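Geometric and topological summary
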Amino acid sequence: MATIYKEFIVDAGIDSVWDALRDFNAVHQRLAPGFVVDCQPGEGSRTVTFANGAVAHEALVGIHEAVHRLSYTVVGGKASHHMASAQLFAEGDSRTRFVWITDVLPDALEGYIDAMMTQGGAVMQRTLSAPAA
């Protein structure tokens, strides 16, 4: 199984970053606009469309408020297994460490998923660090 690990610092406090991350059905508006171009909510799930045309059906596994962690899995598609989580850690009052981990099978998807996560992480970092309008 391939494990892909991304970590970046957001120039915003943990409360505002968590508010955006935990808003599962607003990923295309609050977390990764432009990278995720559409999100259709389902019952405990969402169908996201990415800027490159890829579509993924993601089921929410859990939201753990106390540790600022959200986990989800991709259902169907090319992966026989896909499990991801994002967790936040306060770095003082005005910065947040964002850790995003995905486990995926088959291993052949690692390069594709890694590239998507790199691009998505950069968009999330910019979006979440932007001053409030």
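Scroll up a little and you will see the structure.
Residues numbered from 1 in each chain as written. Predicted model: local features only at pLDDT ≥ 70, side-chain atom pairs only at ≥ 80, totals over all residues. Heavy atoms only, no water.

Let us look at the overall build of the protein. Broken down by element type, the protein carries 3 helices and 7 strands. When its helices and strands are written in sequence order, the protein yields β-α-α-β-β-β-β-β-β-α. Rg of the C-alpha trace for the protein: 14 Å, near the compact-globule value of 14 Å for 133 residues, within the 12% margin. Across its three principal axes, the protein shows a C-alpha extent of roughly 40 × 30 × 25 Å. A separation of at least 24 residues holds for 47% of the contacts in the protein among residues at least 6 apart in sequence. Of the roughly 6900 Å² of accessible surface on the protein, a fraction of 53% belongs to carbon and sulfur atoms. (Helix = DSSP H or I, 4+ residues; strand = E, 2+ residues; numbered from the N terminus. Rg over C-alpha atoms; globule rule 2.2 N^0.38 Å. Contact = heavy atoms within 4.5 Å. Areas by Shrake-Rupley, 256 points an atom, 1.4 Å probe, with all protein chains shown as cover.)

Only one face of strand S1 (residues 2–10) is buried: it carries Ala-2, Ile-4, Lys-6, Phe-8 and Val-10, and the other face, with Thr-3, Tyr-5, Glu-7 and Ile-9, is open. As judged from the 9 bridges shared by S1 and strand S7 (residues 96–105), these two strands associate in the antiparallel manner. Residue pairing for S7: Lys-6 is matched across the bridge by Trp-100. (Buried < 20%, exposed > 50% of the residue type's maximum accessible area, 1.4 Å probe, protein only. Pairing = 2+ DSSP bridges.)

This paragraph deals with helix H1 (residues 14–21). Taken as a whole, H1 has its buried residues at Ile-14, Val-17, Trp-18, Ala-20 and Leu-21. Buried positions in H1, seen along its axis, are confined to an arc of 160 degrees and lie on one side of it. (Arc of directions from axis to C-beta.)

Turning our attention to the environment of Ser-71. Checked against the element boundaries, Ser-71 lands in strand S5 (residues 69–75). For the pair Ser-71 and Glu-58, spaced 13 residues apart in the sequence, the C-alpha separation amounts to 9.9 Å. Residues contacting Ser-71, with those up to four places away along its chain left out, are Ala-59, Leu-60, Val-61, Gly-62, Met-83, Ala-84 and Ser-85.

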